[in-house]
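Read off the chains here:
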Amino acid sequence: MKKAMIIILSILGVLVLVGAGGFFYLTSGLESGENLAINPVDLQKIEDGTYAGVYESGRWTNEVAVTIIRLHQLMWSKPSPWNLQM
(Lines give C-alpha, C1' and ligand atoms only; values in the text may rest on other atoms or scores of the structure.)
Protein backbone atom coordinates (compact mmCIF):
# COMPACT_ATOMS: atom_id res chain seq x y z
CA MET A 1 0.00 0.00 0.00
CA LYS A 2 2.82 2.38 0.89
CA LYS A 3 4.65 1.61 -2.38
CA ALA A 4 1.49 2.28 -4.42
CA MET A 5 1.02 5.65 -2.69
CA ILE A 6 4.62 6.66 -3.49
CA ILE A 7 4.13 5.72 -7.16
CA ILE A 8 0.84 7.66 -7.41
CA LEU A 9 2.36 10.74 -5.75
CA SER A 10 5.41 10.54 -8.01
CA ILE A 11 3.24 10.40 -11.13
CA LEU A 12 1.12 13.29 -9.85
CA GLY A 13 4.26 15.32 -9.12
CA VAL A 14 5.61 14.74 -12.64
CA LEU A 15 2.27 15.77 -14.15
CA VAL A 16 2.25 18.99 -12.11
CA LEU A 17 5.81 19.83 -13.20
CA VAL A 18 5.04 19.12 -16.86
CA GLY A 19 1.86 21.22 -16.65
CA ALA A 20 3.65 24.15 -15.01
CA GLY A 21 6.47 23.99 -17.57
CA GLY A 22 3.97 23.94 -20.44
CA PHE A 23 2.12 26.92 -18.99
CA PHE A 24 5.31 28.98 -18.72
CA TYR A 25 6.33 27.99 -22.25
CA LEU A 26 2.96 28.99 -23.71
CA THR A 27 2.87 32.35 -21.95
CA SER A 28 6.51 33.39 -22.46
CA GLY A 29 6.87 36.47 -24.65
CA LEU A 30 3.22 37.55 -24.51
CA GLU A 31 4.00 40.70 -22.54
CA SER A 32 6.19 42.22 -25.28
CA GLY A 33 3.29 42.06 -27.75
CA GLU A 34 0.86 43.36 -25.16
CA ASN A 35 2.99 46.46 -24.54
CA LEU A 36 3.67 47.20 -28.21
CA ALA A 37 3.14 50.88 -29.03
CA ILE A 38 1.29 51.53 -32.29
CA ASN A 39 1.79 54.98 -33.75
CA PRO A 40 -1.24 56.95 -34.96
CA VAL A 41 -1.87 57.04 -38.71
CA ASP A 42 -3.13 60.07 -40.67
CA LEU A 43 -5.74 58.46 -42.93
CA GLN A 44 -5.92 61.58 -45.13
CA LYS A 45 -2.41 60.82 -46.43
CA ILE A 46 -3.05 57.14 -47.24
CA GLU A 47 -4.48 55.99 -50.55
CA ASP A 48 -7.36 53.52 -50.68
CA GLY A 49 -6.31 49.90 -50.67
CA THR A 50 -5.46 46.96 -48.48
CA TYR A 51 -2.34 47.05 -46.35
CA ALA A 52 -0.80 44.03 -44.68
CA GLY A 53 1.28 44.06 -41.51
CA VAL A 54 3.28 41.46 -39.62
CA TYR A 55 4.66 41.52 -36.08
CA GLU A 56 7.17 38.87 -35.01
CA SER A 57 8.57 38.55 -31.52
CA GLY A 58 10.22 35.37 -30.34
CA ARG A 59 7.92 32.47 -31.04
CA TRP A 60 4.86 34.69 -31.62
CA THR A 61 3.80 36.03 -35.02
CA ASN A 62 0.76 38.22 -35.67
CA GLU A 63 -0.56 39.28 -39.06
CA VAL A 64 -3.21 41.82 -39.98
CA ALA A 65 -4.73 43.14 -43.21
CA VAL A 66 -6.34 46.58 -43.09
CA THR A 67 -8.50 47.98 -45.90
CA ILE A 68 -8.83 51.74 -46.40
CA ILE A 69 -11.98 52.74 -48.29
CA ARG A 70 -13.16 56.04 -49.76
CA LEU A 71 -14.59 57.30 -46.48
CA HIS A 72 -11.08 57.01 -45.02
CA GLN A 73 -12.13 54.63 -42.28
CA LEU A 74 -10.41 51.47 -41.18
CA MET A 75 -12.11 48.20 -42.05
CA TRP A 76 -10.66 45.10 -40.37
CA SER A 77 -10.58 42.12 -42.67
CA LYS A 78 -10.54 39.91 -39.59
CA PRO A 79 -12.17 40.71 -36.25
CA SER A 80 -9.84 42.85 -34.19
CA PRO A 81 -8.86 41.33 -30.85
CA TRP A 82 -8.32 44.86 -29.52
CA ASN A 83 -11.82 46.24 -30.24
CA LEU A 84 -10.36 49.54 -31.42
CA GLN A 85 -12.74 52.43 -31.88
CA MET A 86 -11.62 54.75 -34.68
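Residues numbered from 1 in each chain as written. Predicted model: local features only at pLDDT ≥ 70, side-chain atom pairs only at ≥ 80, totals over all residues. Heavy atoms only, no water.

Draft legend 1. Local environment of the pairing of strand E1 (residues 49–57). Here E1 runs beside strand E2 (residues 60–68); their pairing, made up of 9 bridges, is antiparallel. Pairing of Gly-49 across the sheet is with Ile-68, part of E2. Linking E1 to E2, which pair antiparallel, is a turn of 2 residues; within it Gly-58 sits at a positive phi near 65 degrees. (Pairing = 2+ DSSP bridges. Helix = DSSP H or I, 4+ residues; strand = E, 2+ residues; numbered from the N terminus.)

Draft legend 2. Here's a closer look at the confidence of the model for the chain. Of all residues in the chain, 80% attain a pLDDT of 70 or more, and the chain-wide mean is 81. Averaged pLDDT values over the elements of the chain bottom out at 61 in strand E3 (residues 74–76) and peak at 92 in helix H1 (residues 2–27). (pLDDT = per-residue confidence, 0-100.)

Draft legend 3. Structural view of H1. Taking 1.5 Å per residue as the helical rise, H1 with its 26 residues ought to reach 38 Å, and the 38 Å between its terminal C-alpha atoms agrees with that figure. Along H1, only 0 of the 26 residues are buried, which leaves the element largely exposed. Two residues or fewer past H1, Gly-29 is found with a positive phi of approximately 90 degrees. (Expected span 1.5 Å × (residues − 1). Buried < 20%, exposed > 50% of the residue type's maximum accessible area, 1.4 Å probe, protein only.)

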